[in-house]
Amino acid sequence: MNKFFNLLKKDTKELITVQLLIPIIIVIAMYSTIGNIMGSEMERATRPQQIAVVDFNGSALSNQVIDMLEKSNFIAVETGTFNVEDSINFARKKGINILVAIPENFEEDVVNLKQPEVEIYSIMKGLSVRETGTSTQVEAVFNVISNAISTNLITQKFTGIPPDVIKQPIKARDIVVVKDRMAQASPALVAQSAMNFSIFIPIILMLVTITSSQMIASLIALEKQNKTLETLLTVPVNRNFILLSKMVSAAIVAIIVTAAYLFAMTRFLGISQGPQASSDVMRALGLTLTTGDFLLLGISIFFAILSVLAVSTILAVYSEDEKSAQLMLTPIMVFVMIPYFLTIFTDVNTLSMPLRVLVYAIPFSHTFLATNNLMFGNVQFVIYGIIYQIIFSFVCILIATRIFSSDRLLTGRLRLARRRV
Amino acid sequence: MKAVEVRKLTKNYGDLRAVDEIDFEIEEGEIFGLIGPNGAGKTTTLRIVSTILTPSSGEVFVYGFELGSENDKIREIISYLPEEAGAYKNLTGFGYLDFMAGFYAKDVHDKGKIVEKAIEITQLGDRLKDKVSTYSKGMTRKLLLARSLMIHPRLAVLDEPTGGLDVVNSFEVRNIIKEFSKQGTTVLLSSHNMLEVEFLSDKVALIDRGRILEEGTPVDLKAKYKARNLEEVFVEVVS
Ligand SMILES: Nc1ncnc2c1ncn2[C@@H]1O[C@H](COP(=O)(O)OP(=O)(O)O)[C@@H](O)[C@H]1O
Ligand SMILES: [Mg+2]
């Protein structure tokens, strides 16, 4: 076992290089910057917004409208002129993006149900995210005004009736049904609450499998590239230990890398902030994972990593250096991305039969599908998937250990190169 | 007991026969040189003796251990210096020696002694604290040679030990090999530099296209072919 730790220490050291750390640091720094910008934009958006107002009408109703705007998180600034051009200049000088012009015969037209036009000017300075934010503000301004006037009209025409009842004569009650359970909640809320599972677990899986694959391929290819493999193979240590050490250190480093990305995502982008109040709803619907479910999910992830390690090993043996090894991994990337996108964008059961068979043949698919199946109680399906994954990884590891104790580890590349000429 | 016995050893790569029914024996403590042009089958033979390639047919014994069934035992007592070898790029020279010593040492104390021996062989001094990636070819070769000799193997298999080195480095490497042989290590080496092998070896075998054409001490071979050096012997034998 001592010899094994000697190997493990060396392999891990070899993986943790500047080339590995730099992209991680860049991504984390990028996330943190994006997070900061998004945060300050969000904060700006919730602060009361200044809007410029030019009131050509000056009636009780137009005053009421301005009052309503003030009450709805806007700060109305009168431009002090009765000329649109000057008002725009005024707004520009003050750094205000929106100018509302209330027309001359505003009150009269409203009373006569003639739908007067209120002009809302958006003063654009560029096409950045901030500018696109103005469009939602314009909509908000319009809604506030329109709402205020309709409330006003209803109170006048239907005395004694609460205006909200006229505006919304019915109420909706959302009930979500899952299998034999139901709960009062909107489907959007349920979907959002499931985000943690439907977004995070696939990302973790994708990161962990792809990184493991790259790590083990690097380790094997580097032995060839640095011309250290031959020496290592004559050393008195079980060949299976050499393979095992590479697998374990690749997995360890992959898990660390994934954890780092995940930390950056949750910490800086705040993706994980699903609505908390809805956990009762989820429990009522049975859309939670029990300890047993998590155990199955863990087993499934374990075998997904094991099979990706074994397949990558087999592919990497045939490459001559690190670069060509990464190229060899392309099919693995594809086979990880297929179930990843499928779980995010569609339901596998809606696919045609041959496609479904293809998806189920990919051992990683079962892990990607596991969360959903566990939540919806298809435990049996998950167990079948795990059995398939166990068989798959067992066969691949058998092949990998065979290769590791054969000539092919040394001559694999040479033979390929020879065949080309 | 013979240090190495090779009987009717053959290795095919697909249709290509790289080694063709060769036989040779090495006495304990001897330096045995396998000489021949590029592509003669030297590396293939040494890789087989070092347990990293499996022969297509034939038998090999290393200190009485049978190749194939007793590879683990053979690996305990040999060390192999590959023709084109390197060390882990982001380890220091010292780190590399420490890592390799870890496979042979019984305990920490033992490991320290092995590494100390290697440091003495390399004569690299403080440069051992630098990353291997900063080493010159000669330094790397000496590091690797030290790695293979530091454990005092009973058999050292050295493939072109001076290959690609300048005159001074080659000279030093040859002296190190001689020194270790005096201390009891049996050496099986290969070279396409026949003059070098003549100086170094107690016994040589001339190999060409997978076959051993002639075998004996350099003195006997020169006498037999009335040649001034092994190069002339080789030309005689081939023609
Ligand atoms: N892995 C391999 N696959 C196919 N042919 C090989 C391989 N290794 C060596 N050969 C061929 O075997 C022959 C002997 O090679 P080698 O043992 O390296 O010779 P030497 O070391 O004497 O130069 C050469 O023709 C070489 O091309
Ligand atoms: Mg050679």
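Residues numbered from 1 in each chain as written. Chains lettered and ligands numbered in written order. Predicted model: local features only at pLDDT ≥ 70, side-chain atom pairs only at ≥ 80, totals over all residues. Heavy atoms only, no water.

A. Main features of the overall build of chain B. Counting its secondary structure elements, chain B contains nine helices and ten strands. With the C-alpha coordinates of chain B rotated into their principal frame, the extents come out at 50 × 40 × 35 Å. Evaluated residue by residue, chain B yields a buried proportion of 56% over its 239 residues. (Helix = DSSP H or I, 4+ residues; strand = E, 2+ residues; numbered from the N terminus. Buried < 20%, exposed > 50% of the residue type's maximum accessible area, 1.4 Å probe, protein only.)

B. Just the interface of chain B and chain A, in detail. With 27 residues of chain B in contact, the opposing surface of chain A contributes 23 residues. Inspection of the region where chain B meets chain A yields three salt bridges. One salt bridge connects Lys227 of chain A with Glu84 of chain B, and the closest N-O pair in it is separated by 3.9 Å. On the surface where chain B and chain A come into contact, there are nine residue pairs in polar contact (both at pLDDT 80 or more). Residues of the side of chain B that touches chain A, tallied by class, amount to 14 nonpolar, six polar and seven charged. (Contact = heavy atoms within 4.5 Å. Salt bridge = Lys/Arg side-chain N within 4 Å of Asp/Glu carboxyl O. Polar contact = N/O pair within 3.5 Å; in protein donor to acceptor, adjacent residues only side chain to side chain. Nonpolar A, V, L, I, M, F, W, Y, C, P; charged D, E, K, R; others polar.)

C. Quick peek at the packing of aromatic side chains. Tallied over the entire structure, the rule returns 13 aromatic pairs over all chains. Here Phe4 of chain A and Phe5 of chain A contribute two aromatic rings whose centre-to-centre distance is 5.6 Å and whose plane-to-plane angle is 65°, an arrangement assigned as edge-to-face. By relative accessible area, which is 48% here, Phe5 of chain A ends up partly exposed. With 6.2 Å between their ring centres and 65° between their planes, Tyr340 of chain A and Phe368 of chain A make a pair best called edge-to-face. Within this pair, whereas Tyr340 of chain A is found in helix α15 (residues 330-345), its partner Phe368 of chain A is found in helix α17 (residues 363-375), the two being separated by 28 residues in sequence. Note on accessibility: Tyr340 of chain A and Phe368 of chain A belong to one class, buried. Each residue in the set Tyr340, Phe341, Phe345 and Phe368 of chain A is aromatic and connected to the rest through ring pairs, giving one cluster. In this structure, Lys178 of chain B is placed above the aromatic ring of Phe199 of chain B, and the distance from its NZ or CZ to the ring centre is 5.0 Å. (Phe/Tyr/Trp six-rings, centres within 6.5 Å; stacked < 30°, edge-to-face > 60°. Lys NZ or Arg CZ within 6 Å of the ring centre and 35° of its normal.)

D. Fine view of the coordination of the magnesium ion (ligand 2). Surrounding the magnesium ion (ligand 2) are the protein donor atoms Thr43 of chain B (OG1) and Glu83 of chain B (OE), which sit 1.9 to 2.4 Å from the metal. Highlighted residues: Thr43 of chain B in helix α1 (residues 42-49) and Glu83 of chain B in the loop between β6 (78-81) and α3 (93-101), separated in sequence by 40 residues. (Donors = N, O, S within 2.8 Å, 3.2 Å for Na, K, Ca; no water.)

E. Representation of the pairing of strand β7 (residues 155-159) of chain B within the structure. Residue and element names in this part refer to chain B. For β7, a buried count of five out of five residues is recorded, marking the element as mostly surrounded by other parts of the structure. Side chains of β7 alternate between two faces, with Leu155, Val157 and Asp159 and Ala156 and Leu158 buried alike. The pairing of β6 with β7 spans four bridges and is classified as parallel. Within β7, the position partnered with Tyr80 by the bridge is Val157. (Pairing = 2+ DSSP bridges.)

F. Region of interest: the site of ligand 1. In the vicinity of ligand 1 there are 14 residues, among which Gly39, Gly41, Lys42, Thr43 and Thr44 of chain B approach most closely. Surrounding ligand 1 are residues belonging to chains A and B, so the site spans chains. Note that an oxygen atom of ligand 1 is positioned 2.6 Å from one of the backbone N or O atoms of Gly39 of chain B. Isolated, ligand 1 exposes 560 Å² of accessible area, and the fraction of that covered by the protein chains is 82%. Looking at the shell around ligand 1, the elements with two or more residues in it are α19 (408-420) of chain A together with β2 (16-26) and α1 of chain B. The class makeup of the residues in the shell around ligand 1 is six nonpolar, six polar and two charged. (Near = heavy atom within 4 Å. Areas by Shrake-Rupley, 256 points an atom, 1.4 Å probe, with all protein chains shown as cover.)

G. Molecular detail of the environment of Phe32 of chain B. All names here are of chain B. Note on placement: Phe32 falls in strand β3 (residues 31-35). On the basis of relative accessible area, Phe32 is assigned to the buried category, the value being 0%. Distance from Phe32 to Val187, taken between C-alpha atoms, is 6.0 Å for residues 155 residues apart in sequence. Contacts of Phe32, omitting those with residues within four sequence positions, involve Phe24, Glu25, Ile26, Val187, Leu188, Leu189, Ser201, Lys203, Ala205 and Glu215.

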